[in-house]
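Architecture at a glance
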Amino acid sequence: MSDNNKAITSEIRDGVGILYWNDTTQSVNCLYEAVLLEFEKEFNALVEQKDVKGVVVTSPRDKFIVGADIKVLTKIRDLPAEELFKQNQQLSLFFRHMETQGKPVVAAINGDALGGGLELAMACHYRVVADDNSIKLGTPEVMLGLLPGAGGTQRLPRLIGLQDGLRYLTTGGNIRPPKALKLGLVNEVVPADQLLDVACDAIRSGKAPRRQPFDAANWQASPPVHSQEFVQVMGAGVALVRDKTHDNYPAPQAMLSCVYQGLQLPMESALKYEGRQFVTLARGPVSRTMIRTLWFGRNDANKLAKRPAGIEDTKFTQVGVLGAGVMGAGIAICTAEAGIRCVLVDISDEAAQRGKDYARDYWQRQLTKKRITQDEFDARMARIVPTSDYAKLGGSQLVIEAVFEDRGLKAKVTRMTEEATGDDAVFGTNTSTLPITGLAEASDRPQSFIGIHFFSPVEKMPLVEIIRGEKTDVRATAVAMDYVAAISKTPIVVNDSRGFYTSRVFGTYGREAFEMLQEGYSPTLIENVGRSTGMPMGPFELIDMIGVDTAQKIAAATEAEVGREAMEAAGENFYNKDLLDWIVLECERPGQKTGQGFYDYEGRKPSKLWSGLHERYPGKLDNPDIAELKKRFLHIQTLETLRCMEEGVVTAADDADVGSIFGWGFAPWSGGVMSYGETHVGWSRLLADCEDYAKRFGKRFEPNDLLRSLAAGEKAFFNDSAAA
Ligand code: NAI
């Protein structure tokens, strides 16, 4: 860092040294070796001055410090374990030095203090935070498969107690200033413009101590180590972590261990213990693949790294939405929230208004909870224009169709839209099943016709799958990507196929469950095994949520279009239609929305699996190989993805990974379908398993050529493979 571009600057005000963290070489302040060395030097220079009573650490930027630089971590994690441990300890010992050098240190937290940023603040003796509810404090490392390895697992439970400490460490949840005060994580919450003065005064008045409470000789953990309450909280923590993670995530378990061991050790030894655990996690496959997809993959997708080059950015002033039903209303919400006027068309003004009413109720809840202001509410409402008049679509840069899933109707509204809009308007269809190339036949401008596939509920789901038809051009692709970025969602771009990428691969999860039912496994066992893979829900609960009737309709439409023989010849890669016909048509159980599906429901919550399912499938097999069942659930999704890749439906492994986690919640610990195959299982192992399963369970497990070539080592997708 050159002197005139220093990341850390300092001044002395009436006997108090102030360190400003202002690293403008980075978009946000974060921790990495060079900046830490600079900080250490400045810090020591201040405390060594006799007339400096103490030091305040703050930042003039919006945020305080948001954590370690992940890019740097990925560069150093493959150093020999001892070297990585040494680097970890350098930071830990410096933070320890901050709290033991004898002068009071105060953190004046002006904005988000996350991960290493909060760890630094916790190594101060006193913490003051600005009174601003948008400020987040927390240790989100767990979400990338890591733990806060600069004392975080030690100081958090020492400062806020065992139970809350474990909760925030293992969930990575954000703590807002009022809650932080209540927990004892900060000492004061003060108006932002008084932050620095209050922090300095805490030193001058002696309110800020010169050593940590937990360094006092008579300090006890809360509750005291080995007390009955301590044992109970630890025990509950272990049970909760196992229930939530099914042992798929090593980080929360490592944290439990750090807290349990660490609270019984002197701080220096506890920090060493934590450092060892950190090194193991950082070098292990789970954090590696979580970082790969949840951090880099998603960030690249959000930044539109794969947007076609040379096409001007689209500035959206108006977007049309056809159909004000479940999906159309959700799309209108996202559009209006992005500041874009949205013309919402349905068959009558009343039907269109119903879509807007849905948006109003949704924002009203936000207003009541004070998440948005009345002005914001009014502005959003004014942006949705409900109508039955297609002429009002004129001037839209993009129109998204979300009318009934009916080929003829979709053709009709395509033509009506094209009459109303200019030649430049892109037409996006939100069809869930109909191939795009076929739908584009209704269009006079098939080059501007594209699939924009949302997930339900649109307001909440982060992914949008963009599907290119045969004639879709790069401009339409760029416009669709710009729109997805404008509404702050994550796009992946795929090519046309029945079920596209996400529905096609995701469908194999439910289908495998049906196969297991018919093989004689009990429904409860199948459901529990599904959950234990790390999928967000068991397969039956998931199908209930989507709608068993929706799955049944898709199966019926597919059979009608493709033919049963062809379906079976293709390895039956669709839901088992007979079972779906039985449950939907005969038993009239369409899913969660009616309170009856594979489950019985109390409100929207599943109460128990429906007894009729147990009667028909009592579960004859009483010695299940759970590990194998788990593999079947995950392998089949990876294999179907490889088929998509071979057919050119998905063109990049990182798209497949991002799409799988953010689209249908594929086991996030794995980093996605492709990382699961390459990093966690290994292609040759996957090939051997699939060959075996194809013989024993059916040809849907038949390996394709791509898997064979991967297993032969001819190709790999990721260049950040695990260290030995
Ligand atoms: P929905 O039945 O809730 O809404 C369809 C709306 O289209 C109705 O309000 C209807 O009045 C309107 N409509 C019918 N004819 C029209 C016309 N000529 N002009 C304008 N509006 C017209 O259906 P939903 O669930 O919103 O689905 C819409 C589309 O989105 C379908 O293609 C569906 O396959 C697809 N989709 C649905 C998902 C879901 O989970 N529900 C997920 C992803 C895609």
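These notes cover the structure that comes with them. Keep in mind the model is a prediction, meaning the values are calculated, not measured.

Analysis parameters
- Residues numbered from 1 in each chain as written.
- Predicted model: local features only at pLDDT ≥ 70, side-chain atom pairs only at ≥ 80, totals over all residues.
- Heavy atoms only, no water.
- Pairing = 2+ DSSP bridges.
- Helix = DSSP H or I, 4+ residues; strand = E, 2+ residues; numbered from the N terminus.
- Buried < 20%, exposed > 50% of the residue type's maximum accessible area, 1.4 Å probe, protein only.
- Contact = heavy atoms within 4.5 Å.
- Axes fitted to C-alpha atoms, helices over the stretch in contact; angles between N-to-C directions.
- Near = heavy atom within 4 Å.
- Polar contact = N/O pair within 3.5 Å; in protein donor to acceptor, adjacent residues only side chain to side chain.
- Areas by Shrake-Rupley, 256 points an atom, 1.4 Å probe, with all protein chains shown as cover.
- Nonpolar A, V, L, I, M, F, W, Y, C, P; charged D, E, K, R; others polar.
- Expected span 1.5 Å × (residues − 1).
- Phe/Tyr/Trp six-rings, centres within 6.5 Å; stacked < 30°, edge-to-face > 60°.
- Lys NZ or Arg CZ within 6 Å of the ring centre and 35° of its normal.
- Salt bridge = Lys/Arg side-chain N within 4 Å of Asp/Glu carboxyl O.
- Core = buried A, V, L, I, M, F, W, Y, C linked by side-chain atoms within 4.5 Å.
- Parallel < 35°, antiparallel > 145°, perpendicular 65-115°, else oblique.
- Left-handed = near helix turned anticlockwise from the far one by under 90°.

**Here's the deal with the pairing of strand β1 (residues 8-13)**
Across 6 bridges, β1 lies against strand β2 (residues 16-21) in antiparallel orientation. In the sheet register, Ile 8 faces β2, and the bridge partner there is Trp 21.

**Thoughts on helix α24 (residues 577-586)**
Of all 10 residues that make up α24, 7 are buried, and the element is covered over most of its length. Residues of α24 that are buried in the fold lie against α19 (502-519), α22 (548-562) and α25 (611-616). With its phi angle positive at about 55°, Glu 588 sits one or two positions after the end of α24.

**Quick word on the sheet that holds β1**
Read across the sheet, 6 strands follow the order β1-β2-β3-β4-β6-β8 without closing on themselves; strand pairing throughout is mixed. Of all strands in the sheet, those bounded by a partner on one side alone are β1 and β8 (188-190). Neighbour to neighbour, the strand axes of the sheet diverge by 20° on average, direction disregarded. In this sheet, β8 lies alongside strand β6 (residues 126-130) in parallel orientation, the contact comprising 3 bridges. Paired with Val 128 across the two strands is Glu 188, which belongs to β8. The strands touched by helix α1 (residues 33-47) are β1, β2, β3 (54-58) and β4 (105-109); relative to β2, the strand with the most contacts, the crossing angle is about 170°.

**A look at the pairing of strand β17 (residues 599-602)**
Looking at chain direction, β17 and strand β18 (residues 605-609) are connected through 4 bridges and run antiparallel. By the bridge assignment for β18, Asp 600 is matched with Lys 608. In this structure, the hairpin formed by β17 and β18 is closed by a connection of 2 residues, where Gly 603 is found at a positive phi of approximately 65°.

**Regarding the sheet that holds strand β12 (residues 398-401)**
Strand order in the open sheet formed by 8 strands is β11-β10-β9-β12-β13-β14-β15-β16, and the pairing between neighbours is mixed. Across the chains shown, the open sheet's two edge strands, defined by having one partner strand only, are β11 (384-387) and β16 (490-495). The average angle at which neighbouring strand axes cross in this sheet is 25°, direction not considered. For strand β9 (residues 318-322) and β12, the ladder comprises 4 bridges, and the chain directions are parallel. Paired with Leu 322 across the strands is Glu 401, a residue of β12. Of the strands in this sheet, β10 (341-345) and β11 touch helix α15 (residues 374-383), which is tilted by about 35° from β11. Each of β9, β12, β13 (426-429), β14 (449-453), β15 (463-468) and β16 touches helix α18 (residues 474-486); the most contacted strand, β15, lies at about 175° to it.

**Regarding the site of the ligand**
Taken together, 22 residues form the shell around the ligand, and within it Asp 346, Tyr 390, Glu 405, Lys 410 and Ser 432 come nearest. Residue Met 327 places a main-chain N or O atom 2.8 Å away from an oxygen atom belonging to the ligand. Within the side chain of Asn 430, an N or O atom sits 3.1 Å from an oxygen atom of the ligand. For the ligand, whose unbound accessible area comes to 830 Å², protein coverage reaches 79%. Secondary structure elements with two or more residues in the shell around the ligand: α13 (326-337) and α16 (407-420). When residues in the shell around the ligand are grouped by element, the largest group, 3 residues, is from α16. Classifying every residue of the shell around the ligand by side-chain character gives 12 nonpolar, 7 polar and 3 charged.

**Brief notes about α22**
Taking 1.5 Å of rise per residue, the 15 residues of α22 would be expected to cover 21 Å, and the 21 Å separating its terminal C-alpha atoms lies within 8% of that figure. Taken residue by residue, α22 has Val 548, Asp 549, Ala 551, Gln 552, Ala 555, Thr 558 and Glu 559 as its buried positions. At the C-terminal side of α22, Gly 563 shows a positive phi close to 95°.

**Quick look at the packing of aromatic side chains**
Applying the stated rule across the entire model yields 23 aromatic pairs. Taking 6.2 Å as the distance between ring centres and 50° as the angle between the ring planes, the aromatic pair formed by Phe 94 and Phe 95 counts as tilted. Given the relative accessible area of 4%, Phe 94 is considered buried. Using a relative accessible area of 0% as the deciding quantity, one classes Phe 95 as buried. Ring centres of Trp 582 and Tyr 617 lie 6.5 Å apart, and the angle between their planes is 80°; this geometry places the pair in the edge-to-face category. Linking Trp 582 in helix α24 with Tyr 617 in the loop between α25 and α26 (626-646), this pair joins segments that are 35 residues apart in sequence. Neither Trp 582 nor Tyr 617 differs from the other in exposure class; each is buried. Aromatic ring contacts, followed pair by pair, group Trp 21, Phe 39, Phe 43, Phe 94 and Phe 95 into a single cluster. Its guanidinium or amino end placed over the ring of Phe 85, Arg 276 lies 3.7 Å from that ring's centre, counting from NZ or CZ. Lying across the ring of Phe 662, Arg 298 places its NZ or CZ 4.2 Å from the centre.

**Description of the pattern of salt bridges**
Using the criterion set out here, one finds 43 salt bridges in the structure. Asp 361 serves as the salt-bridge partner of Arg 360, at 3.4 Å between the closest nitrogen and oxygen. Classification of Asp 361 as partly exposed rests on a relative accessible area of 38%. Between Arg 700 and Glu 512 there is a salt bridge, with its nearest N and O atoms 2.7 Å apart. Of this pair, Arg 700 sits in the loop between α29 (683-697) and α30 (705-711) while Glu 512 is found in helix α19, placing the two residues 188 residues apart along the sequence. Of the two residues, Arg 700 and Glu 512, both sit in the buried class. One connected set of salt bridges, linked through shared partners, spans Arg 511, Glu 512, Glu 515, Glu 519, Arg 632 and Arg 700.

**Concerning the environment of Lys 608**
For Lys 608, the position within the fold is in strand β18. With a relative accessible area of 48%, Lys 608 lands in the partly exposed category. Leaving out residues up to four positions away in the same chain, Lys 608 has contacts with Tyr 599 and Asp 600.

**Observations concerning the environment of Lys 182**
Take Lys 182: it is sitting in helix α7 (residues 177-183). Under the relative-accessibility criterion, Lys 182 is labelled exposed at 73%. As for Lys 182 and Ile 160, which are separated by 22 residues in sequence, their C-alpha atoms are 9.3 Å apart.

**A few points about the nonpolar core**
Formed by 165 residues in total, the largest nonpolar core has its most connected members in Leu 137, Tyr 501 and Phe 598. Broken down by element, the residue count for this core peaks at 8 residues, all from α26. The contact partners of Phe 598, leaving out residues within four places of it in the chain, are Phe 514, Phe 540, Ile 543, Asp 544, Val 548, Leu 579, Ile 583, Leu 609, Trp 610 and Leu 613.

**Here's the deal with the packing of α26 against helix α28 (residues 673-681)**
Closest axis-to-axis distance for the α26/α28 pair is 8 Å, and the angle between their directions is 115°. If you check the angle between α26 and α28, you find them roughly perpendicular. Considering the relative orientation of α26 and α28, their crossing is left-handed. Of the residues in α28, those in contact with Lys 631, Leu 634, His 635, Gln 637, Thr 638, Thr 641, Leu 642 and Met 645 of α26 are Val 673, Met 674, Tyr 676, Gly 677 and Val 681. Classifying every residue of the contact of α26 with α28 by side-chain character gives 7 nonpolar, 5 polar and 1 charged.

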